[in-house]
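Residue-level structure breakdown
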Amino acid sequence: MEDDAIKRALAPTLADIEKAKERVYTAAIRTPLVRLHTDEGPEIWLKLENLQPIGSFKIRGSANAIGQLAPAELERGIWTASAGNMAQGVAWNARQLGVPCSVVVPDTAPETKLAAIARLGGRTVKTSVKSWFEIFETRRFDGMDGHFVHAFMDRDVMAGNGTIALEILEDLPEVAAVIAPFGGGGLACGIAAGLRALAPSIPVYASEVKGQAPFSESLRADSPVSIDYTPTFVDGIGSPYVEPAMWDLSSNLLAGSLEVTLSEVAAAVRLLVSSNGIVAEGAGASSVAAGLTDRANRDKIVCVVSGGNLDPSKLATILAGGVPR
């Protein structure tokens, strides 16, 4: 019964998503939907969240969650746990409100994202990957005070992400499927909640990297499982497990998970640069890689390019035909 209550509390309604717009668009832009210029594979459309002010969709959910905090809560400051993109979203919105922001990052966080957090005025504290993942369960970390903004397991965050669904339906009413990168599940579930309310026949698939795909493994086991997780250049998605509450939500809202290899993700990064002049980080390109495999078996697929914050050195390696270590 408690799990059901958590699931209901987490799932944003259409009313939640509609209300989120007034807060989301104080920070985020309405991103374009453009056709992928390739003659191979299905007809793919790109939802370019990499064009957001912080280079990631995370500005949406953080704007909606922080925009609802009372002044007394804001005075205590804001903190989050993030590998980089949610940290930038929280720091950007905190700076707009003139409140301090702290971020706990894993010691594998890319330098590009750490530098961006610093530019936005955020203070970073590094910890081990294991300790970092524990924060998503406990919502605590020694030395951190103020209001904690969860990167994905938060109804307001997912409602902010759900505004993407509204934009997709306005721009491409005939969309047949949506693919969204799966990290904690907040992006895919937010979009799926919006589509289920307005166009329930349109499936939403997760994109994950093979061997680092806890949602896919959990679907096969029909219950949340843990996996051996090793960080890769696709740093915006992947984890040792799916949070139980997010498993309940994801398994209910999503049509499945499409797994891709690191080589396929790197190839998608190269294609986006060469075909459309778009730089996507690994997570953002994973949806495109999944769409190109045609495992969704549909045309008019919208692939959410969730972010574009890719280290220049990793981009150089990919453009040279390699796969970053």
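Residues numbered from 1 in each chain as written. Predicted model: local features only at pLDDT ≥ 70, side-chain atom pairs only at ≥ 80, totals over all residues. Heavy atoms only, no water.

Counting its secondary structure elements, the protein contains 14 helices and ten strands. Radius of gyration (C-alpha) of the protein: 18 Å, near the 20 Å computed for a compact globule of 325 residues. When its C-alpha atoms are laid out on the principal axes, the protein stretches across 55 × 40 × 40 Å. Sorting the 325 residues of the protein into buried and exposed places 59% on the buried side. Within the protein, contacts between residues separated by at least 24 positions form 73% of all contacts whose residues are at least 6 apart in sequence. Here the protein displays about 12,700 Å² of accessible surface, and carbon together with sulfur accounts for 49% of that area. Looking at the protein, you have 29 positive and 37 negative side-chain charges, and the mean spots of the two groups are 2 Å apart. (Helix = DSSP H or I, 4+ residues; strand = E, 2+ residues; numbered from the N terminus. Rg over C-alpha atoms; globule rule 2.2 N^0.38 Å. Buried < 20%, exposed > 50% of the residue type's maximum accessible area, 1.4 Å probe, protein only. Contact = heavy atoms within 4.5 Å. Areas by Shrake-Rupley, 256 points an atom, 1.4 Å probe, with all protein chains shown as cover. Lys, Arg positive; Asp, Glu negative; His and termini not counted. Charge placed at Lys NZ, Arg CZ, Asp CG, Glu CD.)

The next subject is the pairing of strand β7 (residues 177–181). Where burial is concerned, most of β7 is hidden: five out of the five residues are buried. What you see with β7 is no split at all: Ala177, Ile179 and Pro181 on one side and Val178 and Ala180 on the other are buried throughout. Inspection of the sheet shows β7 paired to strand β10 (residues 301–305) by three bridges, in the parallel sense. Pairing of Val178 across the sheet is with Val302, part of β10. Here four bridges tie β7 to strand β8 (residues 204–209), and the two strands are oriented parallel to one another. Pairing of Val178 across the sheet is with Val204, part of β8. Considered for its hand, the β-α-β crossover made up of β7, helix α9 (residues 186–198) and β8 is right-handed. (Pairing = 2+ DSSP bridges. Right-handed = clockwise from strand over helix to strand, strands pointing away.)

Time to look at the sheet that holds strand β3 (residues 78–81). Spatial ordering of the open sheet is given by β5-β4-β3-β6, a layout of four strands whose pairing is parallel. Two strands lie at the open edges of the sheet, namely β5 (123–127) and β6 (147–148), each paired on one side alone. Pairing of β3 with strand β4 (residues 101–106), which is carried by four bridges, proceeds in the parallel orientation. By the bridge assignment for β4, Ile78 is matched with Cys101. Along the sheet face, helix α5 (residues 85–97) touches β3 and β4 and points at about 170° away from the line of β3. (Axes fitted to C-alpha atoms, helices over the stretch in contact; angles between N-to-C directions.)

For the pair α5 and helix α6 (residues 111–119), the least separation of the axes is 9 Å and the interaxial angle reads 10°. With respect to their mutual orientation, α5 and α6 come out roughly parallel. Counting all contacts with α5, which are made through Asn85, Ala87, Gln88 and Arg95, the residues of α6 involved are Lys113, Ala116, Ile117 and Arg119. Here the residues of the contact of α5 with α6 sort into three nonpolar, two polar and three charged. (Parallel < 35°, antiparallel > 145°, perpendicular 65-115°, else oblique. Nonpolar A, V, L, I, M, F, W, Y, C, P; charged D, E, K, R; others polar.)

Grouped together as the largest cluster of nonpolar side chains are 81 residues, with contacts concentrated most on Val178, Ile191 and Met246. It is helix α8 (residues 155–171) that contributes the most residues to this core, eight residues altogether. The residues contacting Ile191, other than those within four sequence positions of it, are Asn161, Gly162, Ile164, Ala165, Val178, Ala180, Val204 and Val304. Among the nonpolar cores identified, the runner-up in size contains 31 residues, and Leu48, Ile179, Ala268 and Leu310 belong to it. (Core = buried A, V, L, I, M, F, W, Y, C linked by side-chain atoms within 4.5 Å.)

Below, the discussion takes up the pattern of salt bridges. Should their charged atoms come close, side chains of opposite charge can pair. One pass over the structure, following the stated rule, counts 16 salt bridges. For Asp16, the salt bridge is made with Arg155, and the minimal N-O distance between the two is 2.7 Å. Placement of the pair is Asp16 in helix α2 (residues 14–24) and Arg155 in helix α8, with a sequence separation of 139 residues. The salt bridge involving Arg23 is made with Glu22; its shortest N-O contact spans 3.9 Å. The class for Glu22 is exposed, based on a relative accessible area of 59%. Three or more residues joined by partner-sharing salt bridges are found here, namely Lys47, Glu49, Arg60 and Glu167. (Salt bridge = Lys/Arg side-chain N within 4 Å of Asp/Glu carboxyl O.)

This paragraph deals with the packing of aromatic side chains. The full count for this structure, using the stated rule, is eight aromatic pairs. Judged by centre distance (4.9 Å) and plane angle (65°), the ring pair of Trp132 and Phe133 falls under edge-to-face. Each of the two residues, Trp132 as well as Phe133, counts as buried. An aromatic cluster is present here, built from Trp132, Phe133, Phe136, Phe152 and Tyr229 joined pairwise through their rings. (Phe/Tyr/Trp six-rings, centres within 6.5 Å; stacked < 30°, edge-to-face > 60°.)

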